[in-house]
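Chains, contacts and geometry: an overview
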Amino acid sequence: MADFPTRPEDVEPAWLEACLGEAGLLGDARIVDVKWQSIGTGQVGDTARFDLRYNDTKGKAPPSIAAKFPSSDPTSRQTAAAFSLYAREVMFYREVSSLTRLRVPITYAALLDDNGSDFVLLFEDLGPCEAGNQLAGCTLSQASHAMAQAAALHAPTRDNRILDAAWLQPDPDSSTRLRALYPQAQAIFRDRYADQLDPELMAVCEALNDNLDLWFDRHHSSRSFLHGDFRLDNMLFGIKGGQEPIALVDWQTSAVGCGLTDIGYFLGCGIGSALRRPNERALLEMYCAEMTRLGVPVTVDDIWDDYIIGALHGVSTAVFSAAFVVRTDRGDANFLSMARGASELALEHDSLGALKRRMEHA
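Residues numbered from 1 in each chain as written. Predicted model: local features only at pLDDT ≥ 70, side-chain atom pairs only at ≥ 80, totals over all residues. Heavy atoms only, no water.

The next thing to look at is the pattern of salt bridges. Note on pairing: side chains with opposite charge can pair once their charged atoms come close. Per the counting criterion, the structure on display carries 25 salt bridges. Notably, a salt bridge pairs Arg231 with Asp233, separated by 3.2 Å at the nearest N-O pair. Like Asp233, Arg231 is buried. Residues Asp301 and Arg281 are paired through a salt bridge, measuring 3.9 Å at the closest nitrogen-oxygen approach. Taken together, the positions of Asp301 in helix α11 (residues 300-324) and Arg281 in helix α10 (residues 273-293) put the pair 20 residues apart, joining distant regions of the chain. Residue classification places Asp301 among the exposed positions, given a relative accessible area of 63%. (Salt bridge = Lys/Arg side-chain N within 4 Å of Asp/Glu carboxyl O. Buried < 20%, exposed > 50% of the residue type's maximum accessible area, 1.4 Å probe, protein only. Helix = DSSP H or I, 4+ residues; strand = E, 2+ residues; numbered from the N terminus.)

Shown next as structure tokens:
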């Protein structure tokens, strides 16, 4: 059993005081009242905001903080533990965030138990802000800020030694389970959404399922730290009441690979084809310019194949997640949105053909 709270209702003032005190935020103040409410829409973790009242209001103790806990749903929690999702997020905040130029929440506690199924993250409250919404889409300005954040992650971590950390190395058992479960996930996805996804887009999903070895064994042309789920639901806009444009959250699927995996995923399943199509080239040029500014010179021509191959990550994530996390109405709409946008990009640019050509020359 974890020696820290794993549900918001289990959080006690004394534990919060210890965390905030260690972060140098409490001073002589003491917490006299705690109230919390659920926030966010995550399906493998539960997030809450805690409003705090102190006996001394003159110090710098924060009036509110945010915390993240394991999912209350057993299926989602089991899936997260099996694939080390909680461990990856905790270790990102412990070891990686400080290496980047990203705007992420300042972390006051990042705790994980030995079995990887219990954790807690305590961090700054970035509100008031606008939570990104996969189903509502975003503006071109918001998409541009997201592309800049992607570069702020990928450039500083390009070939960084953190990529060789033990916790970031692929687990052979997890990889074997993923390969074995994926055809089952595609069957569930097909049965569930066949009448809601256009046939030519479902065909992209089927084609990826038919070429799993190519996908799982693909060659990465470069190595950076990846967010892994780089889409609107994991972004906050206008944080701190509009003082800053964006912050990134939810790092459970972080990994090592080509940074364009995040980009293909975001422009495919993240923002929707209606925004992507007329702005695709400009957004890619913006990413390249920012990467170049941060010391990794690239052009759109350099990254194009990696970008369109990266879109397939949106297809695989939508298919697998739909099958193995708790099912909700919003989840159904979300996974359909992801699969639709990613498959449209993959179909328009022949992503699977690019993957096959890459593997032929690997």
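The residue after Gly127, namely Pro128, is reached through a cis peptide bond having omega -5°. Here Pro128 shows up in the loop between β5 (119-124) and β6 (130-131). One non-glycine residue with positive phi stands out, namely Asp159, at about 60°. Considering the arrangement of structural elements, one finds Asp159 in the loop between α4 (140-157) and α5 (172-193). Notably, Lys240 is not glycine yet its phi reads approximately 55°, a positive angle.

Attention shifts here to the side chain of Ser273. With respect to the helices and strands, Ser273 occurs in helix α10. What Ser273 contacts, discounting residues up to four positions off in sequence, is Pro278, Gly341 and Glu344. (Contact = heavy atoms within 4.5 Å.)

If you walk across this open sheet you meet the 5 strands as β1-β2-β3-β5-β4, and the pairing is antiparallel. Sheet topology places β1 (31-39) and β4 (107-112) at the edges, where each strand pairs with a single neighbour. Strand-to-strand twist across the sheet, computed as the mean angle between neighbouring axes with direction ignored, equals 20°. Taken together, the 4 bridges between strand β3 (residues 64-70) and β5 define a ladder with antiparallel strand orientation. Residue pairing across strands places Lys68 opposite Leu121, the latter belonging to β5. (Pairing = 2+ DSSP bridges. Axes fitted to C-alpha atoms, helices over the stretch in contact; angles between N-to-C directions.)

A word on the packing of helix α9 (residues 260-270) against α11. In the contact formed by α9 and α11, the axes pass within 6 Å of each other and the chain directions differ by 65°. Of the two possible hands of crossing, α9 and α11 adopt the one that is right-handed. Here α9 contributes Leu260, Thr261, Ile263, Gly264, Tyr265, Leu267 and Cys269 to the contact with α11, which in turn contributes Ile303, Asp306, Tyr307, Gly310, Ala311, His313, Gly314 and Thr317. (Left-handed = near helix turned anticlockwise from the far one by under 90°.)

Time to look at the packing of aromatic side chains. Any pair of aromatic rings gets described here by the distance separating the centres and the angle formed by the planes. Inspection of the entire model under this criterion finds 14 aromatic pairs. Aromatic ring contacts, followed pair by pair, group Phe92, Tyr93, Phe123, Trp167, Phe225 and Trp251 into a single cluster. Here Arg177 stacks its cationic end above the ring of Phe83, 5.6 Å away from the centre of that ring. The residue whose ring lies beneath Arg218 is Trp215, and the NZ or CZ to ring-centre distance is 3.6 Å. (Phe/Tyr/Trp six-rings, centres within 6.5 Å; stacked < 30°, edge-to-face > 60°. Lys NZ or Arg CZ within 6 Å of the ring centre and 35° of its normal.)

Quick look at the side chain of Asp233 now. Within the secondary structure, Asp233 sits in the loop between β7 (224-226) and β8 (235-238). On the basis of relative accessibility, which here comes to 12%, the residue Asp233 falls in the buried class. A polar contact is formed between the side chain of Asp233 and the backbone nitrogen of Gln134, at a distance of 2.6 Å. Engagement of the side chain of Asp233 in a polar contact is seen with the side chain of Arg330, the distance being 3.0 Å. (Polar contact = N/O pair within 3.5 Å; in protein donor to acceptor, adjacent residues only side chain to side chain.)

We now examine the nonpolar core. Within the largest apolar cluster, 93 residues are counted, with the highest numbers of intra-cluster contacts made by Phe266 and Leu267. Per-element accounting of this core gives the leading share, 14 residues, to α11. Leave out the neighbours within four places in its chain, and Phe266 touches Ala143, Ala146, Met147, Phe230, Arg231, Leu232, Met235 and Ile271. Tyr54, Ala61, Phe69 and Tyr108 belong to the second-largest nonpolar core, a separate cluster that totals 23 residues. (Core = buried A, V, L, I, M, F, W, Y, C linked by side-chain atoms within 4.5 Å.)

Spatially, 3 strands are ordered β6-β8-β9 in an open sheet, and the strand pairing comes out antiparallel. Whereas interior strands pair on both sides, the edge strands pair on one side only; in this sheet they are β6 and β9 (244-248). Inspection of the sheet shows β8 paired to β9 by 3 bridges, in the antiparallel sense. Among the inter-strand pairings, Phe237 is bridged to a residue of β9, identified as Ile246.

Here we take up the packing of α5 against helix α12 (residues 329-349). The geometry of α5 relative to α12 is characterised by a closest axis approach of 12 Å and an angle of 105° between their N-to-C directions. Put simply, α5 runs roughly perpendicular to α12. Residues Phe189, Arg192 and Tyr193 of α5 pack against Asp332, Phe335, Leu336 and Ala339 of α12. For the contact of α5 with α12, a count of residues per class yields 5 nonpolar, no polar and 2 charged. (Parallel < 35°, antiparallel > 145°, perpendicular 65-115°, else oblique. Nonpolar A, V, L, I, M, F, W, Y, C, P; charged D, E, K, R; others polar.)

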